[in-house]
Amino acid sequence: MLTRELSHFSETSKSGNQVAEWVSNTYFERGEDELDLEKTKNRIPMIVTKRIINQASQALKGNLPKYGVEVECEEAMAQLVSEISIWNFDMFKFARITKDHPLVALSYVVLSQERDMLRQFSVDIPTFIKYMFVIEGSYHKTNPYHNATHGADVMQSCHVLLGYPVV
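Residues numbered from 1 in each chain as written. Predicted model: local features only at pLDDT ≥ 70, side-chain atom pairs only at ≥ 80, totals over all residues. Heavy atoms only, no water.

## Concerning the overall build of the chain
No. 1: From N to C terminus, the chain includes 10 helices and 0 strands.
No. 2: For the chain, the α and β elements follow one another from N to C terminus as α-α-α-α-α-α-α-α-α-α.
No. 3: Among the 167 residues that make up the chain, the fraction classed as buried is 38%.
No. 4: Only carbon and sulfur atoms are counted for the fraction: they give 55% of the accessible area of the chain, which is about 10300 Å². (Helix = DSSP H or I, 4+ residues; strand = E, 2+ residues; numbered from the N terminus. Buried < 20%, exposed > 50% of the residue type's maximum accessible area, 1.4 Å probe, protein only. Areas by Shrake-Rupley, 256 points an atom, 1.4 Å probe, with all protein chains shown as cover.)

Below, the structure written as structure tokens:
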């Protein structure tokens, strides 16, 4: 499905072709642990570093963690996940327990466990997790407000809103 969308996107413009090629080269399985950043850096400005991509690759080695990332305490995480659909969700605690990967963990929990969207749309889980690591890594950790924790908080709020019958 993604291949079809990328093909359509690449046909619409020259920049669309570059974006489609970059997405394909970056996120499709290649059989190697690291991506060839030298090929892509001149075509599209990279917003991610090799460190982020390596971090995502390391997180996906072996079995996929239950919450998409390694967590400090399984029991505390299970308790937080049980509260994921309520307004007074403690996102700062969630960020601590997920070892500062709240956006990766929350997106995985919400889209796969709560809403079952990853299965419904046949999304490859390791590719999705790698993509979310890249998105999360694009946030500036030093920004006190617009950071990955804020992004995860916004996503959790949208999840709660979507759970209401009428907004």
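## A look at the confidence of the model for the chain
No. 1: Predicted confidence across the chain gives a mean pLDDT of 78, with 62% of residues reaching 70 or more.
No. 2: Confidence, read as mean pLDDT per element, is least for helix α3 (residues 37-40) in the chain (49) and greatest for helix α6 (residues 91-97) (96).
No. 3: Overall, residues 40-45 carries pLDDT values under 50, and its contacts beyond four positions in sequence, including any with other chains, amount to 10 contacts. (pLDDT = per-residue confidence, 0-100. Contact = heavy atoms within 4.5 Å.)

## Brief notes about helix α5 (residues 74-82)
No. 1: Looking only at α5, the buried set comprises Met-77, Leu-80 and Val-81. Projected down its long axis, α5 carries its buried residues within an arc of 100 degrees, all on one side. In α5, the exposed positions angled more than 90 degrees off the buried face are occupied by Glu-75 and Ser-82.
No. 2: Looking at the buried side of α5, the elements it contacts are α6 and α7 (102-114). (Arc of directions from axis to C-beta.)

## What to know about the nonpolar core
No. 1: Within the largest apolar cluster, 25 residues are counted, with the highest numbers of intra-cluster contacts made by Met-77, Phe-94, Leu-106 and Phe-128.
No. 2: Looking at this core, the elements with two or more residues in it are α5, α6, α7 and α9 (125-138).
No. 3: In terms of residues, this core owes the most to one element, α7, which gives 8 residues.
No. 4: The contact partners of Phe-128, leaving out residues within four places of it in the chain, are Ser-107, Tyr-108, Leu-111, Leu-118 and Val-123. (Core = buried A, V, L, I, M, F, W, Y, C linked by side-chain atoms within 4.5 Å.)

## Topic: the environment of Leu-106
No. 1: Mapped onto the secondary structure, Leu-106 falls in helix α7.
No. 2: Leu-106 sits in the buried class, given a relative accessible area of 0%.
No. 3: Sequence-wise, Leu-106 and Val-81 are 25 residues apart; in three dimensions their C-alpha atoms are separated by 8.8 Å.
No. 4: Discounting residues that sit within four places of it in the chain, Leu-106 has contacts with Ile-84, Met-91, Phe-94, Ala-152, Met-155 and Gln-156.

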